[in-house]
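Okay, here's what each chain looks like letter by letter:
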4 protein chains.
Amino acid sequence: MSQKINIGVIGAGRIGKIHAENIAYFIPQANLKAIADVNLSPAIEAWAKELGVQTVTKDPKVLLDDKDIQAIIICSSTDTHADFVVKAAAAGKHVFCEKPVDTTVAKVNAALAAVKKANVKLQVGFNRRFDHNFKRVRELVESGAVGSPQIIKITSRDPAPPPVSYVAISGGIFLDMMIHDFDMARFQAGSDVVEVYAQGAVLVDPGIGKAGDVDTAIVTLKFANGALGVIDNSRKAVYGYDQRVEVFGSLGSAAAENDAPSTVKLSSEAGVVGEKPMYFFLERYKEAFIAEMRAFVLAVSENKPVPVSGDDGLQDLLVALAAKKSLAEGRPVKLSEIPRE
Amino acid sequence: MSQKINIGVIGAGRIGKIHAENIAYFIPQANLKAIADVNLSPAIEAWAKELGVQTVTKDPKVLLDDKDIQAIIICSSTDTHADFVVKAAAAGKHVFCEKPVDTTVAKVNAALAAVKKANVKLQVGFNRRFDHNFKRVRELVESGAVGSPQIIKITSRDPAPPPVSYVAISGGIFLDMMIHDFDMARFQAGSDVVEVYAQGAVLVDPGIGKAGDVDTAIVTLKFANGALGVIDNSRKAVYGYDQRVEVFGSLGSAAAENDAPSTVKLSSEAGVVGEKPMYFFLERYKEAFIAEMRAFVLAVSENKPVPVSGDDGLQDLLVALAAKKSLAEGRPVKLSEIPRE
Amino acid sequence: MSQKINIGVIGAGRIGKIHAENIAYFIPQANLKAIADVNLSPAIEAWAKELGVQTVTKDPKVLLDDKDIQAIIICSSTDTHADFVVKAAAAGKHVFCEKPVDTTVAKVNAALAAVKKANVKLQVGFNRRFDHNFKRVRELVESGAVGSPQIIKITSRDPAPPPVSYVAISGGIFLDMMIHDFDMARFQAGSDVVEVYAQGAVLVDPGIGKAGDVDTAIVTLKFANGALGVIDNSRKAVYGYDQRVEVFGSLGSAAAENDAPSTVKLSSEAGVVGEKPMYFFLERYKEAFIAEMRAFVLAVSENKPVPVSGDDGLQDLLVALAAKKSLAEGRPVKLSEIPRE
Amino acid sequence: MSQKINIGVIGAGRIGKIHAENIAYFIPQANLKAIADVNLSPAIEAWAKELGVQTVTKDPKVLLDDKDIQAIIICSSTDTHADFVVKAAAAGKHVFCEKPVDTTVAKVNAALAAVKKANVKLQVGFNRRFDHNFKRVRELVESGAVGSPQIIKITSRDPAPPPVSYVAISGGIFLDMMIHDFDMARFQAGSDVVEVYAQGAVLVDPGIGKAGDVDTAIVTLKFANGALGVIDNSRKAVYGYDQRVEVFGSLGSAAAENDAPSTVKLSSEAGVVGEKPMYFFLERYKEAFIAEMRAFVLAVSENKPVPVSGDDGLQDLLVALAAKKSLAEGRPVKLSEIPRE
């Protein structure tokens, strides 16, 4: 590869920092040229300097106007994602956008239309597809080793709930948390979801209930290919981040267990004790974040399809909206019931 | 214990033979006195003789009339269970009845009324409660180690489907197969089910679909104590009998994996290969069948409550009927919708 | 099988009781006809009566003289084993003898000569060969799945040391405890041992050291077929009975882990906790004791070779004596150095 | 930290490249200033340029003379290690030296004396101490969770033997391969070795035997603190790199299993198949190589003791030489027999 891809990152919060550092340290095919953050601080400037970033600014427009930048990584607040996709596409830049693209179908549609019109790439940040365990499950499914998928089971539990203030603006458990699992379910099933039934309860924090959300949920899925699926979410697993996936099919089952910091077991009078799972997504998906960014950079530099498309983002949103409707109305909801415009 | 309980077994099919042998070989507190089977054959007679059974007959009435028999084990065909419970109770005998007591609420009610009137004991054959793994999960839950239960997850898959002819008369997957899991879910949750939603599909054998049943199902549950539950069933797991239970709560999770014939792992160029789960219920629940019968005999001999009551049988039936209705109507069904008379 | 084998048991201590009960309850091809114990007590008589034993006596001669008894199980104290083997053989009876046959080569030779002369069968009580895990390892080795064996590794640790008074008369750790592992090593290697080097230490109980023994030992082995082996023993593993075997070869490795009471794992803030291994040999080898007795009865009733021969007992003794000599002299000892007469 | 440590790497072979890349990419506290390789090639120059190295030379003297370089990483061929340690120390530079420092005691002594005289730091490249699994075992041992160590067990098998030509100049299995395990054993025992007994065999490749070495070995150890140890090595485990450690003590056991590329298990008719261990040291110890270099850099920059000292390197060498002597002479060898000069 002769030429490095110049990249600009919009939003230097937690996830923006991760992507920026991954590009700077682990992806030799890319050059982290610019960072924009509306809340630019001396700390961010110092951090960006350490990374060797050329342009550090409050104004995202600077990045969009920079002719040398080929790709934009959007890590700003969710409500600004779709607008930045539209603007970046209009500026002829490829886009990596954190999930979700938006919480409304209309704005996602607009973003996808802009991308299509500009003929640029759009990859959505469903990082779990790049996890070594879940990728291996998918490889086994694709290889035919489990036969035709019949049941997709996902366990996905966070170690601790977010602040109630965050929950209130998050769009709710389905749009904020389980949307990752909807994407994983579609990824593993190799098929889109056609119907959803959602159960939910407030078992972790009454404040979450007061904010109009649930903190514990079980959602069942029907896929276009006939397979069934089930996802369970909890906002609080005291033993750590619980991230497991199983695909059961006509020839067998492929199941991914949690990762732990070590394989060590302590046998004592108290029992045989192993380590808890990796604490949370930063630990568990550390390598996956690098891999998704590498995949995006290679898709751009080699002009190949991105591995997680804008349509994936749209489909996952539709499932989440159907789950929300299902919980509200206490009945299974077909995806065809969710307006596409 | 001074005196052995004399026991009569009605029905010498597969499960009747298991119970008879367990009583004869493993339960010194009981004496297997009589066996009745409407299809009595020389083979059954020879087998009974080997067990040292005193009375072998075609006529169950002989057992019911035998004043020395204190307890009857009902292993006849399902449609005769409730009638035998009524008759045995009327004869003043304690009753162990294979599951389900009946597939209709009315006949179960009649059986329970007869038992109550006669003041005899009735234990229903939900053997899985006695499995070493699931019992251990329950112990941990009861000890408070997982805190308050929030999610009950059960995986329950058979190694191979029964003949379609059997499926046609079985009452369907919920009454025939998943009823075990409904009982397990209630056992682990320590609470009754209040609402059910059932998804089903025909993914294993089209013949099962033609017989009006499904072979793959996912059912979500709401419990009276607020916990949620999910059960998945398949009639065919090519790798063997898949029987797992997990209880997730506010302080952690207790999860039972499958049993295998050995712990041996073979590491070779092909990977690290462990054994498949025990093939089917005869292997997996061998000890559990002994334990449930021992519990019944001790409940009788020491006049203590049976560990699985007639009301458990009724509750499990109600859940199964609600699941059947849910699948038929494509909506969640409250248990209060199922007529109790 | 037309006729049951009549069996007499000499010695009704712990292991004698196990064998007697296993014959009575689990081996329909045998009839437990007689029990002799020099310390006959009312408790033993009551227990024997419960088992339906016809003859209960202080005098082993009664059993040896009983023409209807075809086989004798020797469970008396170790110093009497060889004499009873000689007498039983002289009486034309097949013999199952608890390990070791004797702690001296001369008496084992005499016992083997008597058995050979009388043309009766002699099986030695190395029960671990019948353990489901270790048998599975051996099956994999015999199938060729691990290729030619190169390293045999055995971990064998007791949960708690025996009383020092027992240690003093036990013959020491190699003859009392590790002899089981020597037999397992030979079984898995499919080859005899030619050289031994023993390391030992007193790390558990100084009283064991005062009694002239060690409580912790590592022994390396060379086999006739070129393979190497290593065994480690401790008299005290606080987490329970640690019994693992690994055979490593040119095509891979077969490794058996411990058995536990259940597969349940508790995930909490404290970690992921599984159960300790089965507590001790009564629990771990419960099924193996039945299987070894069944194998003996079938060898007699079907006139087939016994699975653990008198020569196995002799070879294991030679290895143990070589280990003892090695520890005493601080050097590797060839088995050819141990006098065979 | 205000100032980066400038580092020069001598030797750009496989391990030199790893250290150089780790410094360049993962250790912000260090600056990779110079690389010397006697076989400098355009490929090495291009690679060094990509890493941003300022000085690339054939002549190690350039690095030693560079006043701005504070630390030297020695990755040249083993026979040059000690000389470079002496020269680097004389130049006032801290030293990280790949293992072994030398294969003779005399030259190691000289190196250690030079380091002492110059009052610089010397860290030896025993990377496995930094492995997440083995470090965790050590933490548990140090925490007292396993009580006083009694048995240290190490399994260490390579996936494939090196070329016979390499074996011939490697110093043999004990100096080349098992020296890592000797270091691990001492690390875990927290004590030095006082006696060694080595068994060896040629079971993998007759060519290795012709070269005067063995390819399969079991070594038992006695530690100064009374603990016993055992290590088994094979040059060829077809299932991959087998690296396990267990410390057994008075209060329990801490055991590290292998790492695998994923946690995924495929259950099918063929069994339950997990992944093989990571293929070899580059995969397994990827993070450990970074961690050891980070530890070295921090020891220098913060002027703290190095975690693996020159004396560790000497002690490990003594154990290896004792093992070599033991195998040659067929007897246990005390470390006091190995000349210290």
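Everything numeric here is computed off the predicted structure, so don't read it as measured data. (Residues numbered from 1 in each chain as written. Chains lettered and ligands numbered in written order. Predicted model: local features only at pLDDT ≥ 70, side-chain atom pairs only at ≥ 80, totals over all residues. Heavy atoms only, no water.)

All right, on to the relation of the copies chain C and chain D then. Mapping chain C onto chain D is achieved by rotating through 180° and translating by 0.0 Å along the same axis, at an RMSD of 0.0 Å. What the rotation and shift describe, once combined, is the action of a two-fold rotation axis. Measuring from the rotation axis to each C-alpha of chain C, the shortest distance belongs to R331 of chain C, at 2.8 Å. Looking at the interface residues of chain C, 100% of them are also at the interface in chain D, so both copies use one shared face. (Least-squares fit on C-alpha atoms with pLDDT ≥ 70 in both. Contact = heavy atoms within 4.5 Å.)

This part covers the interface of chain D and chain A. Facing 30 residues of chain D, the contacting portion of chain A comprises 30 residues. Regarding the contact of chain D and chain A, the summed buried area is about 2000 Å², with carbon and sulfur atoms giving 53% of it. Looking only at chain D, the three residues that lose the most surface to chain A are T263, V264 and L266 of chain D, adding up to 26% of its buried area. Viewed at the interface, chain A and chain D are joined by two salt bridges. Between E275 of chain A and R136 of chain D there is a salt bridge, with the nearest N and O atoms lying 3.5 Å from each other. Our count for the chain D to chain A interface comes out at twelve residue pairs in polar contact (both at pLDDT 80 or more). Counting only elements with at least two residues in the side of chain D that touches chain A, the list comes to helix 1 (14-26), helix 6 (132-142), strand 12 (252-256) and strand 13 (265-268) of chain D. Tallied by class, residues from the side of chain D that touches chain A come to 14 nonpolar, nine polar and seven charged. Across three bridges, strand 13 (residues 265-268) of chain A lies against strand 12 of chain D in antiparallel orientation. Its bridge partner lying in strand 12 of chain D, S267 of chain A is registered against S253 of chain D. (Buried area = accessible area lost by both parts, 1.4 Å probe. Salt bridge = Lys/Arg side-chain N within 4 Å of Asp/Glu carboxyl O. Polar contact = N/O pair within 3.5 Å; in protein donor to acceptor, adjacent residues only side chain to side chain. Helix = DSSP H or I, 4+ residues; strand = E, 2+ residues; numbered from the N terminus. Nonpolar A, V, L, I, M, F, W, Y, C, P; charged D, E, K, R; others polar. Pairing = 2+ DSSP bridges.)

So, on to helix 4 (residues 78-90) of chain D. All names here are of chain D. For helix 4, with 13 residues, the first-to-last C-alpha span of 19 Å sits near the 18 Å given by 1.5 Å per residue. Looking at helix 4, one finds that the buried residues are H81, A82, F84, V85, A88 and A89. On its buried side, helix 4 packs onto strand 1 (5-10), helix 3 (60-65), strand 4 (71-74), strand 5 (94-97), helix 5 (105-118) and strand 6 (122-124). At the C-terminal side of helix 4, G92 shows a positive phi close to 80°. (Expected span 1.5 Å × (residues − 1). Buried < 20%, exposed > 50% of the residue type's maximum accessible area, 1.4 Å probe, protein only.)

Every contact between the two is made by 41 residues of chain C and, on the other side, 42 residues of chain D. For the pairing of chain C and chain D, the buried interface totals around 3000 Å² over both sides, and the portion due to carbon and sulfur atoms is 62%. Between the two partners, chain C and chain D, sit six salt bridges. For the salt bridge of K153 of chain C with D232 of chain D, the shortest nitrogen-to-oxygen distance reads 2.6 Å. Linking chain C with chain D are 14 residue pairs in polar contact (both at pLDDT 80 or more). Breaking the side of chain C that touches chain D down by element, the ones donating at least two residues are strand 7 (149-157), strand 8 (193-201), strand 9 (216-223), strand 10 (228-234), strand 11 (242-249) and strand 12 (252-256) of chain C.

We now examine the side chain of S267 of chain C. Mapped onto the elements of the fold, S267 of chain C is located in strand 13 (residues 265-268). Judged by relative accessible area, which is 12%, S267 of chain C ranks as buried. The residues touching S267 of chain C, leaving out its near neighbours within four places in the chain, are Y239 of chain A, L251, G252 and S253 of chain B together with V272 of chain C.

All names here are of chain B. In this structure, P100 follows K99 across a cis peptide bond, with omega equal to -15°. Relative to the elements of secondary structure, P100 occurs in the loop between strand 5 (94-97) and helix 5 (105-118). Its identity is not glycine, yet N303 carries a phi of approximately 50°, on the positive side. Mapping N303 onto the fold places it in the loop between helix 12 (286-301) and helix 13 (310-329). The exposure class of N303 is exposed, given its relative accessible area of 61%.

Let's shift gears to helix 9 (residues 178-189) of chain B. All names here are of chain B. Taking 1.5 Å of rise per residue, twelve residues should cover 16 Å, and helix 9 covers 16 Å from first to last C-alpha, within 8% of that figure. Of all twelve residues in helix 9, twelve are buried, a share of seventy percent or more. All of the buried residues along helix 9 are M178, I179, H180, D181, F182, D183, M184, A185, R186, F187, Q188 and A189. Downstream of helix 9 by a residue or two, G190 has a phi angle that is positive, lying close to 65°.

This part covers the nonpolar core. Core analysis: the biggest nonpolar cluster contains 108 residues, and F174, F182 and L221 of chain A have the highest contact counts within it. Looking at this core element by element, the count peaks at nine residues for helix 12 (residues 286-301) of chain A. Setting aside its immediate chain neighbours within four residues, L221 of chain A contacts F182, A185, V193, E195, V196, A227, L228, G229, I231 and V319 of chain A together with Q199 of chain B. (Core = buried A, V, L, I, M, F, W, Y, C linked by side-chain atoms within 4.5 Å.)

The next thing to look at is the pairing of strand 14 (residues 271-274) of chain C. Strand direction decides the pairing type here: strand 14 (residues 271-274) of chain A and strand 14 of chain C, joined by three bridges, are antiparallel. Looking at the pairing, G274 of chain A lines up with V272 of chain C of strand 14 of chain C. Inspection of the sheet shows strand 13 of chain C paired to strand 14 of chain C by three bridges, in the antiparallel sense. When the sheet's bridge partners are listed, S268 of chain C is paired in strand 14 of chain C with G271 of chain C. The loop that links strand 13 of chain C with its antiparallel partner strand 14 of chain C comprises two residues.

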